[in-house]
Structures are given as C-alpha cells and as structure tokens.
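Commentary on secondary and tertiary structure
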Amino acid sequence: MKYIFTKNPYNQKDINNLYGVEYDSLEDNEKSLLEIAWDGWTVLEVENIIQKTKELKGEDFFDYIVEGSELRISIDNEYVLFFDWRTDNTDEDFRWSTEKFSTFLNSFKEFLKENNR
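Here we summarise the structure given alongside this text. It should be emphasised that the depicted structure is a prediction, and the values quoted were computed from it without experimental measurement. (Residues numbered from 1 in each chain as written. Predicted model: local features only at pLDDT ≥ 70, side-chain atom pairs only at ≥ 80, totals over all residues. Heavy atoms only, no water.)

**Some points on the nonpolar core**
- By size, the foremost hydrophobic cluster in this structure holds 31 residues, and its most contacted members are W41, I73, F82, F101 and F104.
- Put simply, the parts of the chain that give this core at least two residues each are α1 (43–54), β3 (61–65), β4 (71–76), β5 (79–84), β6 (94–97) and α2 (98–114).
- Apart from residues lying up to four places away in sequence, I73 is in contact with F62, D63, Y64, V66, V80, L81, F82 and F101. (Core = buried A, V, L, I, M, F, W, Y, C linked by side-chain atoms within 4.5 Å. Buried < 20%, exposed > 50% of the residue type's maximum accessible area, 1.4 Å probe, protein only. Helix = DSSP H or I, 4+ residues; strand = E, 2+ residues; numbered from the N terminus. Contact = heavy atoms within 4.5 Å.)

**Comments concerning the environment of R72**
- Position of R72 relative to the elements: it lies in strand β4.
- Taking the C-alpha atoms as reference points, R72 and K109, separated by 37 residues in sequence, lie 19 Å from one another.
- Excluding residues within four positions of it along the chain, R72 makes contact with D63, Y64, I65, L81, F82, F83 and W85.
- A distance of 3.4 Å separates the side chain of R72 from the side chain of D63, its partner in a polar contact. (Polar contact = N/O pair within 3.5 Å; in protein donor to acceptor, adjacent residues only side chain to side chain.)

**Comments concerning the environment of K54**
- Tracing the chain through its elements places K54 in helix α1.
- For K54, a relative accessible area of 60% corresponds to the exposed category.
- Taking C-alpha positions, K54 is 9.5 Å from D76, a pair spaced 22 residues apart along the chain.

**Some thoughts on unusual backbone geometry**
- Unlike most non-glycine residues, N116 shows phi in positive territory, near 55°.
- Tracing the sequence through the fold places N116 in the segment after α2.
- What makes N116 exposed here is its relative accessible area of 74%.

**Details of the packing of aromatic side chains**
- Enumeration according to the criterion identifies 17 aromatic pairs in this entry.
- Summarising the aromatic geometry, the rings of W41 and Y64 are spaced 5.8 Å apart at their centres and angled 20° between planes, so their arrangement reads as stacked. Taken together, the residues W41 in the loop between β2 (20–21) and α1 and Y64 in strand β3 connect sequence positions 23 residues apart.
- On the basis of an interplanar angle of 45° and a centroid distance of 6.5 Å, the ring pair of W96 and F101 is categorised as tilted.
- Judged by relative accessible area, F101 falls into the buried class, the value being 2%.
- In this arrangement the basic side chain of R95 is found over the ring face of Y79, its NZ or CZ atom lying 4.9 Å from the centre. (Phe/Tyr/Trp six-rings, centres within 6.5 Å; stacked < 30°, edge-to-face > 60°. Lys NZ or Arg CZ within 6 Å of the ring centre and 35° of its normal.)

As structure tokens, then:
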C-alpha cells in the first residue's frame, strides 16, 4: 500500500492545511478516499480511531464521519467500509480489511506528526 499524504489533496492554489491523500496515489476504486481531507486532523484524532478499532469485540462496529465531507467510514473487526454519500452507490464504495485500515491510519498518523498536527 503506497498512499501519498499531502496538505493540499485538491491541488488548490494557496491551500496547505487540508490533510489527506493525493488523488493520483489512489486506486480507481478508492477515489472516494480523497474525501478524507480535513483541516482538523490531529495525531490524537487518528489515535482515537486506532484505539476504538482495537477495542472492537464480536459484532461491535462504529461509524466515523469525516467532518466537512461526505465520507462515512464504518469499522468492525474484519472490514472497514467506505461510503461517499455523493455517489450513487447503495452499497459501500469500497472496503478494506481492518488490518489494512490500521496500517493506513498509522502511516497517516506519522504524516501528521511530521507536520506538527
């Protein structure tokens, strides 16, 4: 998994405070992940998601909605489902294993640390 994290995921002039993923580093079926961009991301926020994910038992799950976007992330023990409310999909836009999502979050957290978030 090679995602390129950035402070300007939409390539807008004079924008350097939206923390997310470069569009071109996303697989075609994962383009909805661009909506993870948010100026409020902090190491603590990502760590809270990581901890909640680790604490899930049995059929427990929780939903995380990225503030200011249309992206809902539904997390359980096995899978993470990504829903972009702007698409016409009635099912998830894509899914990852919970392990892949944890790896992604840890990498994102390191990016935020490097940027003093």
